[in-house]
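Examining the three-dimensional arrangement
Okay, here's what each chain looks like letter by letter:
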Amino acid sequence: MALTECANGHLYDSAQYASCPYCNGGVNRVEFASPDSGIGKTVGASSAVNSAANVGEIGATVAPAGYNAQAKASAPEEEDIGKTVAVMKKDTGIEPVVGWIVCIQGAEKGKDYKILGKNNTIGRGEGNDIVIKNDSTISRQSHARIAYDVKHNTFHLIPGEGTNGLYLNDEPVYVPTPIAAFDLIEMGESKFLFIPFCGDKFNWQNGLQ
Amino acid sequence: MPDTMQNANEGAYLALTPRPKERLLSYKIGNLQGIGSRARQEDSFTVMNSMDVTAMKEKGLFFSVCDGMGGMKDGKLASETAIASLRQSFTEMDRSGSIPAQLVESAYTASSKVEALIGGDGGSTLIECVLFEGKLYYCCVGDSFLFLYRNNELIMLNSEHTLLHDREIEAIQDGDVNPLQFQNLPEATALTGFLGMIGLDKTDSNVIPINLHNGDIIMACSDGVGGVLSEEEIKESLELSDVNHMCSDLEQKVIAHHRPHQDNFTAVVVQCIR
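Criteria and thresholds
Residues numbered from 1 in each chain as written. Chains lettered and ligands numbered in written order. Predicted model: local features only at pLDDT ≥ 70, side-chain atom pairs only at ≥ 80, totals over all residues. Helix = DSSP H or I, 4+ residues; strand = E, 2+ residues; numbered from the N terminus. Buried ≥ 20, exposed ≤ 12 C-beta atoms within 10 Å, placed from the backbone. Contact = placed C-beta atoms within 7 Å. Core = buried A, V, L, I, M, F, W, Y, C linked by C-beta atoms within 7 Å. Pairing = 2+ DSSP bridges. Axes fitted to C-alpha atoms, helices over the stretch in contact; angles between N-to-C directions. Expected span 1.5 Å × (residues − 1).

1. Details of the overall build of chain A
Along chain A, the regular secondary structure elements total 3 helices and 15 strands. For chain A, buried positions account for 42% of its 209 residues. By sequence separation, contacts in chain A at least 24 residues apart represent 44% of the contacts at least 6 residues apart.

2. Quick look at the nonpolar core
In terms of nonpolar packing, the biggest core is built from 74 residues, with Cys129, Met219, Ala220, Ala267, Val268 and Val270 of chain B touching the most fellow members. Those residues within four positions of Met219 of chain B in sequence are excluded, and the remaining contacts are Phe147, Tyr149, Leu238, Ala267 and Val269 of chain B. Ranked by size, the runner-up nonpolar core spans 24 residues in total, among them Val131, Ala144, Phe155 and Phe192 of chain A.

3. Overview of the sheet that holds strand E12 (residues 184-187) of chain A
All names here are of chain A. Reading across the sheet, the 6 strands line up as E4-E3-E13-E12-E9-E10 and stay open at both edges, with antiparallel pairing between neighbours. Strands with a single pairing partner mark the edges of an open sheet, and in this sheet they are strand E4 (112-116) and strand E10 (171-172). By the bridge criterion, 4 bridges tie E12 to strand E13 (residues 190-196) in an arrangement that is antiparallel. Counterpart to Glu186 in the pairing with E13 is Lys191.

4. Comments concerning the sheet that holds strand E10 (residues 217-221) of chain B
Residue and element names in this part refer to chain B. Strand order in this open sheet of 5 strands is E1-E11-E10-E6-E7, and the pairing throughout is antiparallel. Either end of the sheet is taken by a strand with one partner, and the two such strands are strand E1 (26-34) and strand E7 (153-156). Across this sheet, the average inter-strand angle for adjacent strands is 20°, counted without regard to direction. With 9 bridges joining them, E1 and strand E11 (residues 265-273) adopt antiparallel strand pairing. Paired with Leu32 across the bridge in E11 is Ala267. Contacts between helix H8 (residues 243-257) and the sheet are confined to E1 and E11, with E1 contributing the most and set at about 25° to the helix.

5. Observations concerning helix H4 (residues 99-118) of chain B
Residues and elements named next belong to chain B. End to end, H4 covers 28 Å across 20 residues, agreeing with the expected 28 Å (1.5 Å per residue, within 8%). Within H4, burial applies to Leu103, Ser106, Ala107, Ala110, Ser111, Val114, Glu115 and Ile118. Packing partners of the buried residues in H4 comprise helix H3 (75-92), strand E4 (126-132), strand E5 (135-141) and strand E8 (204-205). One or two positions beyond H4, positive phi appears at Gly119, with a value near 75°.

6. Observations concerning unusual backbone geometry
Residues and elements named next belong to chain B. The backbone of Asn49 shows a phi angle near 70°, a positive value even though the residue is not glycine. By the secondary structure assignment, Asn49 is in the loop between strand E2 (43-48) and helix H2 (53-59). Even without being glycine, Asn151 reaches a positive phi, approximately 50°. As for its position among the elements, Asn151 is in the loop between strand E6 (145-150) and E7.

Written out as structure tokens, the structure is:
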């Protein structure tokens, strides 16, 4: 036990976690009432949204009805995006997808993961933006990150806390590196292809070019 | 005479023995947080000076739990904004001035920042505590919980700002003490005060600080803990020897309840040791 107070004032055992597990929305995601949520569920994907829609109103902390009618109307949002509010959300009011990675080899082969318009952390723990639950060789928190640059519509792969390697097209990645369509990203024992959605032809600020 | 007056006033808050003139208390701090069955974590918490003995002694220990309001616009943004503001206020606090007044002011400052960002459509509850020179100062808004565990008794220090609670107080003030008359009140748990509320006009704070004793345990938590666990369950956890055990036990108990609509749950636990 090596108790540490992180920059945001959370206490955690630094012998157990490489970085603060509370800073991205809490470590312990226990499945309480969604029997349909199988293992390997990605936070931000449909099952998480469904459970939000089901339970959003019940027992939630709310103001009285008369307080602000508009507030009641805009109740639960459709996506699981509450962890950080990205620039795109402030600008557009939504947090749209800007690309994907698709697992082509490894424990979650066949699965896709949404990249949002911000710095997306990738890891095994639920606190990450992209959760790859079933590959135990991927670090719990922030093995790597994929950052989307809103101004230039570009993507970078950034190394994180991962101890089991990060490769781009079979080359090790030690610094933030630009990535393009169908680049091969390797983390732990899994391989992913990167598929951009935003770029020269389309972006959320300017629409279709 | 002034001394007696002070003790009499303190007695209104808690039955206290006179302040012991011994060396300062030290504090052991633990925290826990879980997302429950919600899609996102909207609770935020913070602790300051917990690992720095000198800073803890000179500036005091600060901790806070904020429960962002689900079902409204961006609860996490509200609770994080509040926490950031409270941390800044604590850093700038004048220790020679009135701590209770500055603590209340910090709540209103945080509230106006949340309101500026979210426009009154959402907000956060607040529990904030300063432990300075062996005394507890607190300020609370909304329906989160602040407990003091002393001599096998669990005492809830703050008063909730909910519709039900407000109605009950009004009724008692009017001389009506029937506790059951509001049991079917619609929206009984709706908040009548929260950080970010337009025209927030109430906080619950102590003007006279509570003298802390060896063995006291203070727990600040969101309703995902305080509204789920019974008094007996909380007491059972707080009877454990070490704060980390207390936190993991509380967490296990919340999970074991297996509520279908388990809210985000967060707690900060502080053990006072002389």
